[in-house]
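Topology and contacts: notes
Here is what each chain is made of, one letter per residue.
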Amino acid sequence: MKISEVAEMVDLPISTIRYYEKIGIIPDEYILREQNNYRNYASEIIHHLDVVKNCLAVGFSINDIQSMISKNGISKDEQTSIIKEKIAGIEDAQKKLEDSKQSLYNILELDITCEDGFGKYSEPVSED
């Protein structure tokens, strides 16, 4: 397949595919060079790039993916450990967000205003 066909099938820009090739996200095994030096991609590239996209979508970085690819296969235990570590990171981020949200609710309940100066309490209005 030509790069334009791959790009269309996986919904990625051609520049991203070239970048992935340059940094090793796309291993040489998926790229065949024609006599004119044009790239011709093996059909398995589609599945490979779908896996890469899914990894990115769930929070793995390009460096994480490069590391996994460079190992050229990882054990089930390593895979489980990597995924559990990612889940723990997501849970930590969720906890921090929940704590931040609660802090904002607390500020609303305290009726702190910036109108009279940053972080000052509102003065009760007299009903005389």
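Heads up: these notes are all about the structure in this document. (Residues numbered from 1 in each chain as written. Predicted model: local features only at pLDDT ≥ 70, side-chain atom pairs only at ≥ 80, totals over all residues. Heavy atoms only, no water.)

Here we look at the overall build of the chain
For the chain, the count of helices and strands is five helices and four strands. Its helices and strands in sequence order give the chain the pattern α-α-β-β-α-α-α-β-β, from N to C terminus. For the chain, buried positions account for 20% of its 128 residues. The contacts in the chain between residues at least 6 apart in sequence include a share of 42% that link residues at least 24 apart. When the accessible surface of the chain is split by element, carbon and sulfur atoms take 52% of a total near 9800 Å². (Helix = DSSP H or I, 4+ residues; strand = E, 2+ residues; numbered from the N terminus. Buried < 20%, exposed > 50% of the residue type's maximum accessible area, 1.4 Å probe, protein only. Contact = heavy atoms within 4.5 Å. Areas by Shrake-Rupley, 256 points an atom, 1.4 Å probe, with all protein chains shown as cover.)

Some thoughts on the pattern of salt bridges
Under the defined criterion, the tally for this structure stands at six salt bridges. Note that Arg39 and Glu21 form a salt bridge whose closest N and O atoms lie 2.6 Å from each other. Here Arg39, found in strand β2 (residues 39-41), pairs with Glu21, found in helix α2 (residues 14-23); they are 18 residues apart in sequence, far enough to count as distant. What emerges from the salt-bridge pattern is a single network uniting Glu21, Arg33 and Arg39. (Salt bridge = Lys/Arg side-chain N within 4 Å of Asp/Glu carboxyl O.)

A short note on the packing of aromatic side chains
We describe a pair of aromatic rings using the distance from one ring centre to the other and the angle between the two ring planes. Scanning the entire structure with this criterion turns up one aromatic pair. On the numbers, 6.3 Å between centres and 45° between planes, the contact of Tyr19 with Tyr20 is tilted. Residue Tyr19 is classed as partly exposed on the basis of its relative accessible area of 43%. The exposure class assigned to Tyr20 is buried, which follows from its relative accessible area of 6%. The ring of Phe60 has Lys86 lying over it, and the distance from NZ or CZ to the ring centre is 5.0 Å. (Phe/Tyr/Trp six-rings, centres within 6.5 Å; stacked < 30°, edge-to-face > 60°. Lys NZ or Arg CZ within 6 Å of the ring centre and 35° of its normal.)

Notes on the nonpolar core
Of all hydrophobic cores here, the largest spans 19 residues; its most connected members are Val6, Ile17, Tyr20, Ile26, Tyr41, Ile45 and Leu49. Ranked by residues supplied to this core, first place goes to helix α3 (residues 45-57) with five residues. With residues up to four places along the chain from it excluded, the contact list for Ile17 reads Ile3, Val6, Ala7, Leu12, Ile26, Tyr41 and Leu49. (Core = buried A, V, L, I, M, F, W, Y, C linked by side-chain atoms within 4.5 Å.)

Focus: the side chain of Glu21
Under the relative-accessibility criterion, Glu21 is labelled buried at 15%. Only 3.4 Å separates the side chain of Glu21 from the side chain of Arg33, close enough to count as a polar contact. (Polar contact = N/O pair within 3.5 Å; in protein donor to acceptor, adjacent residues only side chain to side chain.)

With respect to the environment of Glu21
C-alpha of Glu21 to C-alpha of Ile31: the two residues are 10 residues apart in sequence and 8.9 Å apart in space. Those residues in contact with Glu21, other than ones at most four positions away along the chain, are Ile26, Ile31, Arg33, Arg39 and Tyr41.

What to know about the packing of helix α1 (residues 3-10) against α2
Where α1 meets α2, the axes come as close as 9 Å, and the angle between the chain directions of the two elements is 105°. As the angle between them shows, α1 and α2 are arranged roughly perpendicular. Only Ile14, Ile17 and Arg18 of α2 make contact with α1, whose side of the interface consists of Ile3, Ser4, Val6 and Ala7. (Axes fitted to C-alpha atoms, helices over the stretch in contact; angles between N-to-C directions. Parallel < 35°, antiparallel > 145°, perpendicular 65-115°, else oblique.)

Focus: α1
Three or more residues of α1 are buried, namely Ile3, Val6, Ala7 and Val10. Around the axis of α1, the buried residues are gathered within 100° of arc, so they sit on the same side. Along α1, the residues that are exposed and aim more than 90 degrees away from the buried face are Glu8 and Met9. Along its buried surface, α1 packs onto α2, β2 and α3. Positive phi shows up at Asp11, right after α1, with a value of about 55°. (Arc of directions from axis to C-beta.)

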